[in-house]
Amino acid sequence: MAVADPQTLYLAEPADARIVEPLDMMTLIYQRRSGITHMVGEPVPQMLEAMGGDAVDAATLAARLAASFDLGGQEDAAALIAERLAELAELGLVERVAGA
Amino acid sequence: MSRDAMLLVDALREPASTCGLDAQGWAALLSMARAERLVGTLAARLASEAVPGRVAQTLADARTDAGYQRRAALWEADCARRALADYDGKVVLLKGTAYVAAGLTAGEGRHIGDLDILVAREDLPQVEAALLAAGWEWVKPDPYDDAYYRDHMHELPPLIHRTRDRMIDVHHTILPLTARRTPDAVGMMVDAVYLPSRLREGLGVGPRSSIAVSGPPPTPPASGRGELCALSQPDMVCHSVAHLLADGELDGGLRNLWDIHCLLSEFAGADFWTQLRERASHHQLAEPVGRAVRLAHQLYGTEIPQDWMGQHWQDRYYAARMTARDGWGRQTRKLLRLAFYIRSHWLRMPPLMLARHLWVKWRKGQASA
Amino acid sequence: MHEFRVQVGPAAFRIGSAWRAPIAQMAELYRDYPHPDFTDFTVRLEPAGWLRRWLRPSVAIGGDYMLPDAAPLPLAQGLLAAEMAMNLQMALGWRRHLLLHASAVERDGRVLVMTGQSGSGKSTLSALLGARGWRFMGDEFVLLDPESGDAVPFPRLISLKNSAIAAMQASAPDARFGPLLDGTPKGDIRHMVPPSDAIARMGQGGAPALLLFPRYGYPGAVREVAPGETFMRLTQASTNYVALGEAGFTALTRFVTSVPSRAIDYQSGEEAVALVEKLWERLA
């Protein structure tokens, strides 16, 4: 049920909630709370880092990433980030902020 | 070699009793504990005992495993919480997951399998739809089993998550609808208490702080939306007893009774014992609760008030059934086990329905043979 | 119950059997192994039904850890039942090392690890190398120590299948073999006692230096395997990766980032041994 609404606000777990281990083309993320190892590609590790401790929506996050990352056009980028955020929420790596 | 599982009961009740064990006594104790799924609990109980080095390593393995089960159980509960974030009713954690989520001693080292939750019966379709949308799937597509579950059982047919491979049992009553006793599930839901947001320790934020985005946090949560619950203290004991004595053939009885021992010891207090008496009779569980309290006292030395003491002539059969396990981890006392097996089916279903159930199962067996 | 106790690497087992024969076979094949007092795991060989002790006797595979749907075996395959049950105890109960479903041999304190599906030839290859100057460490499980990163031996009896039986009898004519078990679920099986240095040094681990993914029955080839693919394949080859949590993650990422890995295809034992020697010289 990956509903990619660009207005939705998300929060990432704090950085110490996971171990990030880059391996060649992919990155391993060990999530301490679930004990699950996720294998992810770009831009997921960058997204988690750029979110920090703030509640952000896709557009805000896309703008933050644009500084260091080529994500194509502004609108495409926000749509892509919104999709990734919805997937990450399903995995429990980020959480949708309720009541917002 | 010890002839029954009193070796295990003694070790749980009084960890220092293990100091006299030789190597083979330890092997017997570990086999019994694994067979009863109490090895994690045993390891937690013996954490500060001086045990031989080899034994310490084996117990450390059991603690690692219990840590994994705890982590996985809490994570499954949190996944269910997120899946049901838009559901307004209470989602009540049951059994092992509830004990660890509530930080109770009954959860220390406990084996935890499936996730069990209790929701209001009328909300089942909504809960079911939300879980299916979040990646859970039916385990068996068999229509008879399905209809059987819906018509007669106290839970939905089991669901399994397609990527995490973990089961969830969604209950709407405490015992099967066909059982003789009918505990008041609605009353349990009403009294269920919201858990502290410990589930989200790692995330560091709960709805309460995140609501700050749009206004000050209400405490306690006004709707409880997105929060998980556990049963009230007396109901938690009643529920545990229902599964030990009113429902089962007493498989895993020692573990269930250990839960009850821990709950009673932790909740003890004059008010609690009064409430337990009231709730037990309200749920038509006065007799089983009384028996479980006596058995916990007899086997695990639980401290209980004078007016709960006593001895019923059948108690020793229950105790004998629960400790029917030898030093190789094998079940003993076959006849006694058979008696409890028949009794358990008798308790769950009226005779005609039992006959129908066994008939359909048998026919299906023939058809597939 | 007839009883037998044996230590394999760091793990000690207690085997109880309703029949004497499987115990006698184990006592003979495991005679040079330690026989400890304390045991980590219990294995039970029991009649699959009350009549099955005598009438077409068949063995239910039991123990501390069991699979609910394990099919019973005929009594003649009791030794196999015991070995399967011992493996199962390790797979489901051992938590102090990261368990890889792999074989291993050692030379100069450095360890070659080989992993692959059943039929890849990893077991036969480890036995072959064990007869060619390498120290045999195990053909079923490699145990990785989360503290040191070392590979710890688990040199149980080598389980040879089908054509590997005759091949090993030719390569190691002095070795001791168990009874030929024909018609098992995996075809013919014969157990071989590991070389004496494998048993004498079963407490000694070593640093992993090379990981191979052998594949039998394809024209000789070597392919580099990227760390990401290696990581994924090793999580699938591990029976306790998830249960170990963070310790498992740390041990496995350390292994994957420090040990070179290659996939090798081969069509004969000789070809494989030559390939292994060449890669070892170049990479390890």
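Look up: the structure comes first, before these words.
Since this is a predicted model, take the numbers as computed values, not measurements.

## Examining the nonpolar core
Then comes step 1: One finds B:Val170 and B:Leu276 to be the most contacted residues of the largest nonpolar core, which totals 100 residues.
Then comes step 2: Ranked by residue count, the leading element in this core is helix H4 (residues 53-83) of chain B, at 10 residues.
Then comes step 3: With sequence-adjacent residues up to four places away left out, B:Leu276 is seen in contact with B:Pro234, B:Val237, B:Cys238, B:Leu264, B:Val289, B:Val293 and B:Trp308.
Then comes step 4: Within the second largest apolar cluster, 40 residues are counted, among which are C:Ala18, C:Leu79, C:Ala91 and C:Phe154.

## Looking at the interface of chain C and chain A
Then comes step 1: Of the residues lining the interface, 12 residues belong to chain C; the matching set on chain A comes to 10 residues.
Then comes step 2: At the boundary of chain C with chain A, total buried surface from both sides reaches about 980 Å², with 73% on carbon and sulfur atoms.
Then comes step 3: In terms of surface lost to chain A, no three residues of chain C exceed C:Gly228, C:Glu246 and C:Phe249, which account for 48% of the buried area on that side.
Then comes step 4: Across the chain C-chain A interface, the total number found is 1 salt bridge.
Then comes step 5: Two residues, C:Glu246 and A:Arg32, come together in a salt bridge whose shortest N-O distance is 2.8 Å.
Then comes step 6: Applying the counting rule to chain C against chain A returns 4 residue pairs in polar contact (both at pLDDT 80 or more).

## A closer look at the pairing of strand E2 (residues 115-118) of chain B
Residue and element names in this part refer to chain B.
Then comes step 1: Side chains of E2 alternate between two faces, with Leu115 and Ile117 and Asp116 and Leu118 buried alike.
Then comes step 2: Bridge count for strand E1 (residues 91-93) against E2 is 2 bridges, and the pairing is antiparallel. Bridge pairing in E2 links valine 92 to leucine 118.
Then comes step 3: Relative to strand E5 (residues 167-171), E2 is paired through 4 bridges, and the arrangement is parallel. Paired with aspartate 116 across the strands is aspartate 169, a residue of E5.

Reading the values: rules and limits
- Residues numbered from 1 in each chain as written.
- Chains lettered and ligands numbered in written order.
- Predicted model: local features only at pLDDT ≥ 70, side-chain atom pairs only at ≥ 80, totals over all residues.
- Heavy atoms only, no water.
- Core = buried A, V, L, I, M, F, W, Y, C linked by side-chain atoms within 4.5 Å.
- Buried < 20%, exposed > 50% of the residue type's maximum accessible area, 1.4 Å probe, protein only.
- Helix = DSSP H or I, 4+ residues; strand = E, 2+ residues; numbered from the N terminus.
- Contact = heavy atoms within 4.5 Å.
- Buried area = accessible area lost by both parts, 1.4 Å probe.
- Salt bridge = Lys/Arg side-chain N within 4 Å of Asp/Glu carboxyl O.
- Polar contact = N/O pair within 3.5 Å; in protein donor to acceptor, adjacent residues only side chain to side chain.
- Pairing = 2+ DSSP bridges.

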